[in-house]
Amino acid sequence: MQIYCKFLDDETFELLKQMMAEGVQLTSLPREAVVPDDVSLLVIPTKADIKRLPFVEIEKNPPILCWDTLDAYLQEISWTAYCEAEQYYLEYALEKANRPSTDTVILGSSYAKYGLWAPGLGASCVNLGLDAQDIYYTCKLAETVIRRNPNLRHIVLASGYYWFYSDISRADSAYARGLIRDTYYPVLKDALHAGISDAAAPDRMLLEELSFLDEHRVLEHYCRQVSEQMGGESVKITRSFAFSSTDGWRICNRCLRELSDQRTPGEFAWKMLPPSVKDVFAQARCRDHNKLLRHVESYRENSAVLKDFVSYCNEKKINVYILCMPQTEYYLRHLDPRLKEDYFAALDAVEGEYHFLDFHEVSLLQPEDYIDQDHLSPSGAKKTTAILKELIETCGK
């Protein structure tokens, strides 16, 4: 395939050249040159530049693509990729975590992602928390940073009572499988029990209609732009609440792409809900968590993973902080007590040294500090982070 460009500046031409698929020839033509007969596509800066083409070229009627239109489209689909799969967010967050200037990383599930505010610990802290991040992937990510960043001094693990039973590689939901396929496997090349490999991980095919472009190169460039625009932060996916005439109040997993400091709709929705409705939400959430008790093998595996990880950090002289993140009274009321018992039993079995902080023992959170039954709002995250900061400063002396 032969693509020609006219009127593009050197920087744009080089960018387009870098994103070409294998076997595609891209050539920049001088302004006065006539497009050859072997043209498959002609790229010009904008629609207005068609007027600058010689009549003889317009007469050939070559397929014309305007760069400004293509650029806007690639930005849009890359935003989608960055928001939904979070592979690129995680890759860039890891890049930041691996820098010598980083000495603290936060890891864990949505409890870490929403419940701790990295800026509150200073510019040297990076939050690597992601929705449904279990112990295995938490430790894998942390080990990656430890190997690459000799200046790392503090590792914060945010957890809940179901922590040791959680294993997304054994989950049978499309969401869990997609999370491994689209985020963890591309970054860590590790699917644990999910049975995903390079051959089994399909391309997203966002650019199927633009076969002359290499999708990976496109997303690599544009998702980095998104990451810079977001200040390296993940686009937060929050839960919202919906009323259904058939089944009453229910939890709706509609995605609200909002930054952590823009979650006022959900924040006020939870605070303003009547207790009976909050109780329904909490029951539904705990029902999912209570089911995890059947994953006995995952409990044993995760307990061993954490033991080994803490010992590894002790050898590297890195402080480990395990946080039991707070939940509302509604959530705790419906949680199977065996999850809490097994949680502390697993922690007691860890032979290495770590610092433990149970936020259920701290009376500082109000209803407005929660986004739902077991996730903190921005105000709650700042409160927990302030306490964590004191602990890190004390242990670092």
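Let me sum up the structure you'll find in this document.

What counts and how
- Residues numbered from 1 in each chain as written.
- Predicted model: local features only at pLDDT ≥ 70, side-chain atom pairs only at ≥ 80, totals over all residues.
- Heavy atoms only, no water.
- Core = buried A, V, L, I, M, F, W, Y, C linked by side-chain atoms within 4.5 Å.
- Buried < 20%, exposed > 50% of the residue type's maximum accessible area, 1.4 Å probe, protein only.
- Helix = DSSP H or I, 4+ residues; strand = E, 2+ residues; numbered from the N terminus.
- Contact = heavy atoms within 4.5 Å.
- Pairing = 2+ DSSP bridges.
- Axes fitted to C-alpha atoms, helices over the stretch in contact; angles between N-to-C directions.
- Patch = residues over 30% accessible without salt bridge, like charges linked within 9 Å, V, L, I, M, F, W, Y side chains within 5 Å.
- Areas by Shrake-Rupley, 256 points an atom, 1.4 Å probe, with all protein chains shown as cover.
- Salt bridge = Lys/Arg side-chain N within 4 Å of Asp/Glu carboxyl O.
- Lys, Arg positive; Asp, Glu negative; His and termini not counted.
- Charge placed at Lys NZ, Arg CZ, Asp CG, Glu CD.
- Phe/Tyr/Trp six-rings, centres within 6.5 Å; stacked < 30°, edge-to-face > 60°.
- Right-handed = clockwise from strand over helix to strand, strands pointing away.
- Polar contact = N/O pair within 3.5 Å; in protein donor to acceptor, adjacent residues only side chain to side chain.
- Left-handed = near helix turned anticlockwise from the far one by under 90°.
- Nonpolar A, V, L, I, M, F, W, Y, C, P; charged D, E, K, R; others polar.

1. Quick notes on the nonpolar core
Okay, step 1: Counting 81 residues, the largest nonpolar core has Leu128 and Ile155 as its most contacted members.
Okay, step 2: The element that contributes the greatest number of residues to this core is helix H6 (residues 135-148), accounting for eight residues.
Okay, step 3: Those residues in contact with Leu128 that sit more than four places away from it in its chain are Tyr89, Leu90, Ala93, Leu94, Ala97, Val105, Ile106, Leu107, Gln133, Leu141 and Val145.
Okay, step 4: Grouped together as the second largest cluster of nonpolar side chains are 23 residues, Val24, Trp67, Ile77 and Leu213 included.

2. Remarks on the sheet that holds strand S10 (residues 319-324)
Okay, step 1: Strand order in the open sheet made by the five strands is S6-S5-S7-S10-S11, with parallel pairing throughout. In this open sheet, the two edge strands, each paired with only one partner strand, are strand S6 (125-127) and strand S11 (355-358). On average, each strand axis in the sheet is inclined to that of its neighbour by 20°, with strand direction left out of account.
Okay, step 2: Sheet topology places S10 next to S11; four bridges connect them, and they run parallel. The residue of S11 that forms the bridge with Ile322 is Phe356.
Okay, step 3: In the packing of H6 onto the sheet, the strands contacted are strand S5 (104-108) and strand S7 (154-159), and the crossing angle to S5 comes to about 160°.

3. Some remarks on the sheet that holds strand S1 (residues 2-5)
Okay, step 1: An order of S2-S1-S3-S4 is seen for the four strands of this open sheet, with the pairing classed as parallel. Each having just a single partner strand, strand S2 (25-28) and strand S4 (64-66) make up the two edges of the open sheet. Put simply, the sheet's adjacent strands are angled 25° from each other on average, direction ignored.
Okay, step 2: Two strands pair when backbone bridges link them, and strand S3 (residues 41-44) and S4 are joined in this way by three bridges, in the parallel orientation. Note that in S4 the partner of Val43 across the bridge is Leu65.
Okay, step 3: With respect to the sheet, helix H1 (residues 10-18) is in contact with S1, S2 and S3, its orientation differing from that of S2 by roughly 175°.

4. Observations regarding a negative patch on the surface
Okay, step 1: Among the surface-exposed residues, Asp9, Asp10, Glu11 and Glu14 lie close enough to one another that they form a single negatively charged patch.
Okay, step 2: Tracing the backbone through its elements, the reader meets Glu14 in helix H1.
Okay, step 3: Residue Glu14 is classed as partly exposed on the basis of its relative accessible area of 39%.

5. A short note on the packing of aromatic side chains
Okay, step 1: Tallying each qualifying case throughout the model produces 13 aromatic pairs.
Okay, step 2: Relative to Tyr184, the ring of Tyr137 lies with its centre 4.4 Å away and its plane at 15°, an arrangement referred to as stacked. One end of the pair, Tyr137, is in helix H6; the other, Tyr184, is in helix H7 (residues 174-188), and 47 residues separate them in sequence.
Okay, step 3: The class of Tyr184 is buried, set by a relative accessible area of 0%.

6. Quick look at the pairing of S1
Two faces, one strand: in a regular strand the side chains alternate between the faces of the sheet.
Okay, step 1: Residues Gln2 and Tyr4 point to one face of S1 and Ile3 and Cys5 to the other, with burial holding for every one of them.
Okay, step 2: Here S1 runs beside S2; their pairing, made up of four bridges, is parallel. For Tyr4, the partnering residue across the bridge sits in S2 and is Thr27.
Okay, step 3: Chirality of the crossover, the property in question, places the unit of S1, H1 and S2 among those that are right-handed.
Okay, step 4: Where S1 and S3 come together, three bridges link them in parallel fashion. Residue Tyr4 lies in a different strand from S3, and its bridge partner there is Leu42.

7. Re the side chain of Asn127
Okay, step 1: Looking at where Asn127 falls in the secondary structure, it is placed in strand S6.
Okay, step 2: Polar side-chain contacts of Asn127 include one of 2.8 Å to the backbone nitrogen of Gly129.
Okay, step 3: Once residues within four sequence positions are removed from consideration, Asn127 is found in contact with Tyr89, Ile106, Ala112, Lys113, Leu116 and Ala118.

8. Topic: the packing of helix H4 (residues 87-97) against H7
Okay, step 1: As a packed pair, H4 and H7 sit with axes 8 Å apart at the nearest point and diverge in direction by 35°. The two elements H4 and H7 cross, and the hand of that crossing is right-handed. When H4 is examined against H7, the residues Gln87, Leu90, Glu91 and Leu94 are found in contact with a partner set consisting of Asp182, Thr183, Tyr184, Pro186 and Val187.
Okay, step 2: Of the residues in the contact of H4 with H7, the class split is five nonpolar, two polar and two charged.

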